[in-house]
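Observations on the three-dimensional arrangement
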Amino acid sequence: MRVFIIDTSNMAPELQGGLIGVEGSLNPTAAEKHECLETVSTFMMDGWAIAANPRTPIGWLAALTAEAACVPFVNIAAIVRSAPEPAR
């Protein structure tokens, strides 16, 4: 599992605590799932929003954890789909 920090200093007020992104393998082990829960829970307690692709197993777990804790969740897959194509 990989965790990355996204600078949210110029974003909406609900994201001002920070945004942590979570990414994992397509076939996560029990240890990776446990690490996801622990990591997401720790950052949520500090007021961070969570970003992940809920179409992946780890992203789905991160989304459920964020929803259960009532913290903002950003669907990275939806952002990528709506992004304009770069100019060539």
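To start, this report covers the structure provided alongside it. (Residues numbered from 1 in each chain as written. Predicted model: local features only at pLDDT ≥ 70, side-chain atom pairs only at ≥ 80, totals over all residues. Heavy atoms only, no water.)

**Remarks on helix α2 (residues 57-68)**
Three or four residues apart is the spacing at which side chains of an α-helix point the same way, because the helix has 3.6 residues per turn. The end-to-end C-alpha separation of α2 is 17 Å, in line with the 16 Å expected for 12 residues at 1.5 Å each. Restricting attention to buried positions, one finds in α2 the residues Ile-58, Gly-59, Leu-61, Ala-62, Ala-63, Thr-65 and Ala-66. Elements in contact with the buried residues of α2: β2 (19-23), α1 (30-45), β3 (49-52) and β4 (73-75). At the exit of α2 stands Cys-70, carrying a positive phi of roughly 60°. (Helix = DSSP H or I, 4+ residues; strand = E, 2+ residues; numbered from the N terminus. Expected span 1.5 Å × (residues − 1). Buried < 20%, exposed > 50% of the residue type's maximum accessible area, 1.4 Å probe, protein only. Contact = heavy atoms within 4.5 Å.)

**As for α1**
Counted at 1.5 Å a residue, the expected span for α1 with its 16 residues is 22 Å, and the 23 Å between its end C-alpha atoms agrees. Here α1 has its buried residues at Glu-32, Cys-36, Thr-39, Val-40 and Met-44. With its buried residues spanning 125° around the axis, α1 presents them on a single face. Opposite the buried face of α1, by more than 90 degrees, sit the exposed residues Ala-30, Ala-31 and Met-45. Of the surrounding secondary structure, the elements contacted by the buried residues of α1 are β1 (2-6), β2, β3 and α2. A positive backbone phi angle near 90° is found at Gly-47, which sits one or two residues after α1. (Arc of directions from axis to C-beta.)

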